Amino acid sequence: MGTGRFVDVIRKKREGSTLENEEIYQMISDYTGGKIPDYQMSAMLMAICFQGMNDRELTALTLAMRDSGDIVDLSRIQGIKVDKHSTGGVGDKTTLIAGPIVAACGVPVAKMSGRGLGFTGGTLDKLESIPGFRVDASGENFFQNVKECGISVIGQTGNLAPADKLLYALRDVTGTVDSIPLIAASIMSKKLAAGSDKILLDVTTGSGAFIKDIEGSRELARRMVAIGNGAGKETVAMITSMDEPLGLAIGNSIEVKEVIDTLRGNGPEDLKTVCFGLAGMMLSMGKGISYEEGRKLAEDALESGRAYEKFKQMVSMQGGDVRYIENPEHFEKAAESGELLSSQEGILCHLNTEGIGISAGLLGAGREKKDSVIDFSAGIYMKKKLGDRVKKGEAIATLYSADKKKLKNAMSYMEECYTVGEEKPEMIKLIVDIIR
Ligand code: URA
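Here the structure is a predicted model, which is why all the values come from computation and not from measurement.

### Some remarks on the overall build of the protein chain
Along the protein chain, the regular secondary structure elements total 17 helices and 13 strands. Relative to the 2.2 N^0.38 estimate, which gives 22 Å for 436 residues, the radius of gyration of the protein chain is 22 Å and therefore close to what a compact globule would have. For the protein chain, the spread of C-alpha atoms along the principal axes amounts to about 70 × 50 × 40 Å. When the 436 residues of the protein chain are sorted by exposure, 58% land in the buried category. Pairs at least 24 residues apart make up 79% of the contacts formed inside the protein chain by residues separated by at least 6 positions. About 18,300 Å² of surface is accessible on the protein chain, with carbon and sulfur atoms providing 49% of the total. In the protein chain, 54 positive and 61 negative side-chain charges are present, and the distance between their average locations comes to 2 Å.

### Considerations on the sheet that holds strand 8 (residues 346-351)
Read from one edge of the open sheet, 3 strands run 10-8-12, paired in antiparallel fashion. Taken across any chain shown, the strands that pair with only one partner, and hence form the sheet edges, are strand 10 (389-390) and strand 12 (418-421). Where strand 8 lies against strand 10, 2 bridges are found, and the strand directions are antiparallel. Within strand 10, the position partnered with Gly 346 by the bridge is Val 390.

### Quick notes on the state of the cysteines
One pass over the full model with this rule turns up 0 disulfides. Between Cys 105, a cysteine without a disulfide, and Cys 275, which holds the nearest cysteine sulfur, the sulfur-to-sulfur distance is 13 Å.

### Focus on the sheet that holds strand 13 (residues 431-435)
Here 4 strands make up an open sheet; going across it, the order is 1-4-5-13 and the pairing mixed. Where the open sheet ends on each side, the last strands, each with one partner, are strand 1 (82-86) and strand 13. Going across the sheet, the axis of each strand differs from the next one's by a mean of 20°, ignoring polarity. Both strand 4 (residues 198-205) and strand 5 (residues 235-241) contribute to a ladder of 7 bridges, which runs parallel.

### Some points on the nonpolar core
Counting 53 residues, the largest nonpolar core has Ile 101, Ile 130 and Phe 311 as the members making the most contacts within it. Among the elements that line this core, the one with the most residues is helix 12 (residues 269-287), at 10 residues. Ignoring any residue separated from it by four or fewer positions in sequence, one finds Ile 101 in contact with Phe 276, Ala 279, Ala 298, Ala 301, Leu 302 and Ala 307. Grouped together as the second largest cluster of nonpolar side chains are 44 residues, Ile 10, Met 53, Ile 199 and Leu 201 included.

### Looking at the packing of aromatic side chains
Aromatic rings in a pair are described by how distant their centres are and how their planes are angled relative to each other. Evaluation of the coordinates by the stated rule reveals 3 aromatic pairs. Taken together, a centroid distance of 5.3 Å and an interplanar angle of 55° make the contact between Phe 119 and Phe 210 tilted. Taken together, the residues span a long stretch of sequence, with Phe 119 in the loop between strand 2 (109-113) and helix 6 (123-128) and Phe 210 in the loop between strand 4 and helix 10 (214-230) at a distance of 91 residues. A residue is classified by how much of its surface remains accessible, and Phe 119, at 11% relative accessible area, is buried. Measuring from ring centre to ring centre gives 6.1 Å for Phe 142 and Phe 143, while their planes differ by 50°; the resulting arrangement is tilted. Residue classification places Phe 142 among the buried positions, given a relative accessible area of 3%. Residue Phe 143 is classed as buried on the basis of its relative accessible area, which comes to 13%. Of note, Arg 76 hangs over the ring of Phe 143, and the distance from its end group to the ring centre comes to 4.4 Å.

### Looking at the site of the ligand
Around the ligand, the neighbouring residues are Leu 117, Tyr 168, Arg 171, Ile 183, Ser 186, Ile 187, Lys 190 and Phe 210. Within the side chain of Ser 186, a nitrogen or oxygen atom sits 2.7 Å from a nitrogen atom of the ligand. Within the complex, 95% of the 230 Å² of free accessible area of the ligand lies under protein. If you list the elements that add at least two residues to the shell around the ligand, you get helix 8 (162-172) and helix 9 (180-193). It is helix 9 that contributes the most residues to the shell around the ligand, 4 residues altogether. Of the residues assigned to the shell around the ligand, the class counts are 5 nonpolar, 1 polar and 2 charged.

Rules used throughout
Residues numbered from 1 in each chain as written. Predicted model: local features only at pLDDT ≥ 70, side-chain atom pairs only at ≥ 80, totals over all residues. Heavy atoms only, no water. Helix = DSSP H or I, 4+ residues; strand = E, 2+ residues; numbered from the N terminus. Rg over C-alpha atoms; globule rule 2.2 N^0.38 Å. Buried < 20%, exposed > 50% of the residue type's maximum accessible area, 1.4 Å probe, protein only. Contact = heavy atoms within 4.5 Å. Areas by Shrake-Rupley, 256 points an atom, 1.4 Å probe, with all protein chains shown as cover. Lys, Arg positive; Asp, Glu negative; His and termini not counted. Charge placed at Lys NZ, Arg CZ, Asp CG, Glu CD. Pairing = 2+ DSSP bridges. Disulfide = S-S within 2.5 Å. Axes fitted to C-alpha atoms, helices over the stretch in contact; angles between N-to-C directions. Core = buried A, V, L, I, M, F, W, Y, C linked by side-chain atoms within 4.5 Å. Phe/Tyr/Trp six-rings, centres within 6.5 Å; stacked < 30°, edge-to-face > 60°. Lys NZ or Arg CZ within 6 Å of the ring centre and 35° of its normal. Near = heavy atom within 4 Å. Polar contact = N/O pair within 3.5 Å; in protein donor to acceptor, adjacent residues only side chain to side chain. Nonpolar A, V, L, I, M, F, W, Y, C, P; charged D, E, K, R; others polar.

So, in structure tokens, the structure goes:
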């Protein structure tokens, strides 16, 4: 029998015991209801960071967080809805390519995306760099857009997993973000509330991911897949490499321009490979076909131009000015730019990808505070990829910003984010593993 005092539940976890489902439900309901103060919840989060949670506890935590708010009902949209979620990365614009590919192949994409978090970019911010684009469609509009166009990408509705919103803000300032069970519960509570039938998780691994080692990423993938399947939704995880930014562009409008290039058939190979993998798996799950067949359909949709047309249709339906898609040179250019020059000759053998994401934030592409205004023109264009040869004085990247001081600051930060040496880096596969 418990005492009913939350302090005893904290102590129980701190000592390594497992919590009862009822204790977990009560904790989330009381915290969301303002009955548990932040200092006690912070202590509990830290105890979870050190002691972990078993699968039963983690499922209870996730479901309690899911049930803290609304659960979206997508049953009015015909067909199997497959959601896709990335655990975060640098230069990760896959939703904007894989989404239109999947929709062009007849599988509906009703997607709620997020904003930038820490050093990672967010799909909503990227979309909002297209003049006029609205991510705040009402429920009715969202359904209508998916029905007519096959795809719509909007922000989360106000009351989706509010417990996660509160917990995430607390984790951010208490050094408890990079905990596998806490990340798993955070992501899966939102995915389970978002109403899709099936879930594809893109679990990033490497220097630009939240969990940087492959074993940790496998564990995160395994735990999220267990939660999803345990909650009755087929869930698959793809582990993808984030040892360097995905593609060449990092920022907002600069990434949208790379999306346009890719949808027109001219994108960087690494970006295309990951997008074909993700879209192929979404099609496999949505149509009940093999992964190989799904990938083939994805490649055809891109090469035929159907995915590009679908992207334009989505932009237009959500109020975006399609002239910018047809003529990407219309996007506002950054007032300031500068080149990061290699300090020596050799092979680009390591990138601190998290640091590159932070540099993009320093340029103005991310938010310093919750209400900071994003500079859509800010960002980084990589001119070299891992394993490339560079000469002394040759450009590794071009940095863009509206503000000279920010450019200088980001430039000196990014100077520490690369290593040129003589050894070829060990390159892991882009799609490292698939966990079902
Ligand atoms: N993304 C989330 O939504 N939550 C986390 O905890 C980490 C990444």
